[in-house]
Amino acid sequence: MMSSNQQGEIAKGLEGVVAAETKIGFVDGINGRLVYRGYNIEDLVEKSNFEEVAYLLIYGKLPTLTDFKQFKDNLNLKAGISEDLFSIISKTTQKSHPMSALRTAVSYQGAFDPLSSNSDLKSQEKMGLSIMGSFPSIVAAINRSIKGEGRVVSKSTDYVEKFLEESFGRKPSDFEKEVMRVALIIHADHGMNASTFASMVTISTLSDMYSAVTSAVSSLKGPLHGGANEKSLEMLEKIGSPKNAEKVISEMLEKKEKIMGFGHRVYKVYDPRAKILKVYAKQLAEKTGHKDLFDTAEEVEKVMVSKLGSKGIFPNVDFYSGIVYKSLGFDSKIFTPIFALARISGWFARSFEYLHDNRLFRPRSLYKGEVGPLKYLPINERKQ
Ligand code: CMC
């Protein structure tokens, strides 16, 4: 017989469990809205920039000119990363997954920041700002290392421009900057997803922000969270042409295969982020000779919506982001680190918010094992 503290309902994967209060962001899955601090993402995409959106998520309001200048100074984007860190990233990327390189880079920085022994709010904020300020250079370093290229240092203090310039080793065009700005804004925060939750669990122990972000990066690495856009692009490339879409998708659905880039646990209507990215995917694909890829995607969307739209299955953000990043010239291996380049703002904002009214995360598991007490046998008396 179980004692009372061994009973309880299991919410597998914590599905449906409300574990924290937030004022940062709202994913409205019924009406297809994504809201940051009361602002629709469409409005922010049209009028704002990534740093301003990050400020909004972290501090709860749009910055004044003075706030913004101070925030940019605190991010200290100009500083970039050290040669040592570039070399560590380069070595790690040659041996392992780019997300392992990102995880190692965050952890390495934490090991050398004396603040990481502190857990007070001011220190956590300072650590969050320095991690975020280093992300454009870290992700760009991973991008270059994947291709075996050396370090590029940009003196730009613009988050998007610095990332693109250090990635490509040239000044990005205004259109490239615009597309990347939009992609980062729409990926900045998205409810209590696995990586955000991981960062919150870690910070709730009063650990430091480097550890929280390392936890978040580790959980974003998994294909169930960060990697669907890579798979979706692979599928589109395999389909090859709009005329093959109907046949291939029908066969996949008959075999009960999931079509990557469709469906969402929260959105049961068109993902608002996918709507925004589709417009850019079309323009970019046309400009860069990937029109066939976009046309194939559009045909796949038509087939999927006609077959599964009634079940609430529509394109999600990952369906068009692969085309966008590929058309910008990125290898699919860097797609998940680019996701992190945006989501660092959400991880930082939500961990920092949680710390203001902290309570250690400590759920229970339902024990289904032997309750005993069993008789302990010395090792030499145990049967094989
Ligand atoms: N392709 C084909 N069928 C699907 C798909 C899909 N992509 N998604 C859901 N379904 C079907 C599913 O087979 C099930 O059918 P039935 O009722 O006959 O059993 C029904 O729709 C409900 O599916 P579910 O898996 O229970 O739905 P869910 O809300 O738990 O799953 C999901 C959401 C994202 C895990 C799922 O849609 C999926 O695996 N999609 C493909 C992977 C993908 O694109 N992931 C990126 C998500 S967006 C990233 C982000 O927001 O961070």
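Residues numbered from 1 in each chain as written. Predicted model: local features only at pLDDT ≥ 70, side-chain atom pairs only at ≥ 80, totals over all residues. Heavy atoms only, no water.

Asks: Explain the overall build of the protein chain residue by residue, including any values.
Replies: Within the protein chain, the secondary structure is distributed over 16 helices and three strands. For 384 residues, the compact-globule estimate of 2.2 N^0.38 gives 21 Å, and the C-alpha radius of gyration of the protein chain, at 23 Å, lies within 12% of that figure. Each principal axis of the C-alpha distribution contributes one length, and for the protein chain these read about 75 × 55 × 45 Å. Here the protein chain, with 384 residues, has 50% of them falling under the buried criterion. Accessible surface computed for the protein chain: about 19,200 Å², of which carbon and sulfur atoms make up 52%. (Helix = DSSP H or I, 4+ residues; strand = E, 2+ residues; numbered from the N terminus. Rg over C-alpha atoms; globule rule 2.2 N^0.38 Å. Buried < 20%, exposed > 50% of the residue type's maximum accessible area, 1.4 Å probe, protein only. Areas by Shrake-Rupley, 256 points an atom, 1.4 Å probe, with all protein chains shown as cover.)

Asks: A description of the sheet that holds strand S3 (residues 39-40) should follow, citing residues and the corresponding values.
Replies: Spatially, the three strands line up as an open sheet ordered S1-S2-S3, and their pairing is antiparallel. Lying at the two open borders of the sheet, with one neighbouring strand each, are strand S1 (25-28) and S3. Where strand S2 (residues 33-36) and S3 come together, two bridges link them in antiparallel fashion. Bridged to tyrosine 36 within S3 is tyrosine 39. (Pairing = 2+ DSSP bridges.)

Asks: An account of the packing of helix H2 (residues 50-59) against helix H6 (residues 121-146) is needed here, citing residue identities and associated values.
Replies: Across the interface, H2 lies against H6 with an axial gap of 13 Å and an inter-helix angle of 160°. It follows that H2 is roughly antiparallel to H6 by the angle criterion. With respect to the hand of their crossing, H2 and H6 are arranged in right-handed fashion. Side by side, H2 and H6 meet where Phe50, Ala54, Ile58 and Tyr59 of the first sit next to Glu125, Leu129 and Met132 of the second. (Axes fitted to C-alpha atoms, helices over the stretch in contact; angles between N-to-C directions. Parallel < 35°, antiparallel > 145°, perpendicular 65-115°, else oblique. Left-handed = near helix turned anticlockwise from the far one by under 90°. Contact = heavy atoms within 4.5 Å.)

Asks: An account of the packing of aromatic side chains is needed here, citing residue identities and associated values.
Replies: Per the counting criterion, the structure on display carries 15 aromatic pairs. Centre to centre, the rings of tyrosine 55 and tyrosine 59 are 4.7 Å apart; their planes meet at 45°, and the pair counts as tilted. Here tyrosine 55 and its partner tyrosine 59 are both found in helix H2, four residues apart, which amounts to about one turn of the helix. Owing to a relative accessible area of 8%, tyrosine 55 belongs among the buried residues under this scheme. Its relative accessible area of 26% is what places tyrosine 59 among the partly exposed residues. Ring geometry for phenylalanine 294 and tyrosine 320: centres 5.9 Å apart, planes at 35°, overall tilted. Of the two residues, phenylalanine 294 sits in helix H14 (residues 291-308) while tyrosine 320 sits in helix H15 (residues 317-328), which places them 26 residues apart along the sequence. With relative accessibility at 3%, the residue phenylalanine 294 sits in the buried group. For tyrosine 320, a relative accessible area of 0% puts it in the buried group. (Phe/Tyr/Trp six-rings, centres within 6.5 Å; stacked < 30°, edge-to-face > 60°.)

Asks: Any details on the pattern of salt bridges? Residues and values, ideally.
Replies: Evaluation of the coordinates by the stated rule reveals 24 salt bridges. Between glutamate 149 and lysine 147 there is a salt bridge whose closest N-O contact spans 3.9 Å. Here lysine 326 makes a salt bridge to glutamate 237, at a shortest N to O gap of 2.8 Å. Taken as a pair, lysine 326 in helix H15 and glutamate 237 in helix H11 (residues 228-239) lie far apart in primary sequence, 89 residues in all. (Salt bridge = Lys/Arg side-chain N within 4 Å of Asp/Glu carboxyl O.)

Asks: Break down the site of the ligand for me, with residues and values.
Replies: The full set close to the ligand counts 20 residues, and Ile259, Gly261, Phe262, His264 and Lys311 are the nearest of them. One of the side-chain N or O atoms of arginine 265 is found 2.9 Å from an oxygen atom in the ligand. The contact in question runs from an oxygen atom of the ligand to an N or O atom on the side chain of arginine 273, over 2.9 Å. Relative to its free-state accessible area of 940 Å², the ligand is covered by the protein chains to the extent of 65%. (Near = heavy atom within 4 Å. Polar contact = N/O pair within 3.5 Å; in protein donor to acceptor, adjacent residues only side chain to side chain.)

Asks: Go over H15 with me, naming the residues and quoting the values.
Replies: Helical periodicity: at 3.6 residues per turn, an α-helix aligns residues three or four positions apart in one direction. Given a rise of 1.5 Å per residue, 12 residues ought to cover 16 Å, and the 17 Å separating the end C-alpha atoms of H15 matches this to within 8%. Where burial is concerned, most of H15 is hidden: 11 out of the 12 residues are buried. Looking at the buried residues of H15, the elements they touch are helix H7 (159-168), helix H8 (174-186), H11, helix H13 (272-287), H14 and helix H16 (335-355). The backbone nitrogen of aspartate 318 has a side-chain oxygen 2.9 Å away, supplied by the residue at the start of H15, namely asparagine 316. In the segment just after H15, glycine 329 is the residue with positive phi, at about 105°. (Expected span 1.5 Å × (residues − 1).)

Asks: Any details on the environment of glutamate 370? Residues and values, ideally.
Replies: If you trace the backbone, glutamate 370 turns up in the segment after H16. Judged by its relative accessible area of 54%, glutamate 370 falls in the exposed class. Expressed as a C-alpha distance, the spacing of glutamate 370 and threonine 196, which sit 174 residues apart in the sequence, is 35 Å. Engagement of the side chain of glutamate 370 in a polar contact is seen with the backbone nitrogen of glycine 372, the distance being 3.4 Å.

Asks: Please give an account of the domain arrangement of the protein chain that cites residues and values.
Replies: Much of the literature gives interface size as the accessible area that the parts lose upon coming together. We note that the domain assignment places domain 1 (25-222 + 334-355) and domain 2 (228-328) within the protein chain. Domain 1 and domain 2 are separated by 27 Å when their C-alpha centres are compared. Across the boundary between the two partners, domain 1 contributes 26 residues, which contact 24 residues of domain 2. Interface area for domain 1 against domain 2, summed over the two sides, is near 2,100 Å², with a carbon-plus-sulfur share of 74%. The interface formed by domain 1 and domain 2 holds zero salt bridges in total. Taken together, the links from domain 1 to domain 2 amount to three residue pairs in polar contact (both at pLDDT 80 or more). Secondary-structure elements contributing two or more residues to the side of domain 1 that touches domain 2 are S1, S2, helix H1 (41-47), H8 and H16. The dominant element in the side of domain 1 that touches domain 2, judged by the number of residues it contributes, is H8, at eight residues. In terms of residue class, the side of domain 1 that touches domain 2 is built from 14 nonpolar, six polar and six charged. (Domains from an automatic or database assignment. Buried area = accessible area lost by both parts, 1.4 Å probe. Nonpolar A, V, L, I, M, F, W, Y, C, P; charged D, E, K, R; others polar.)

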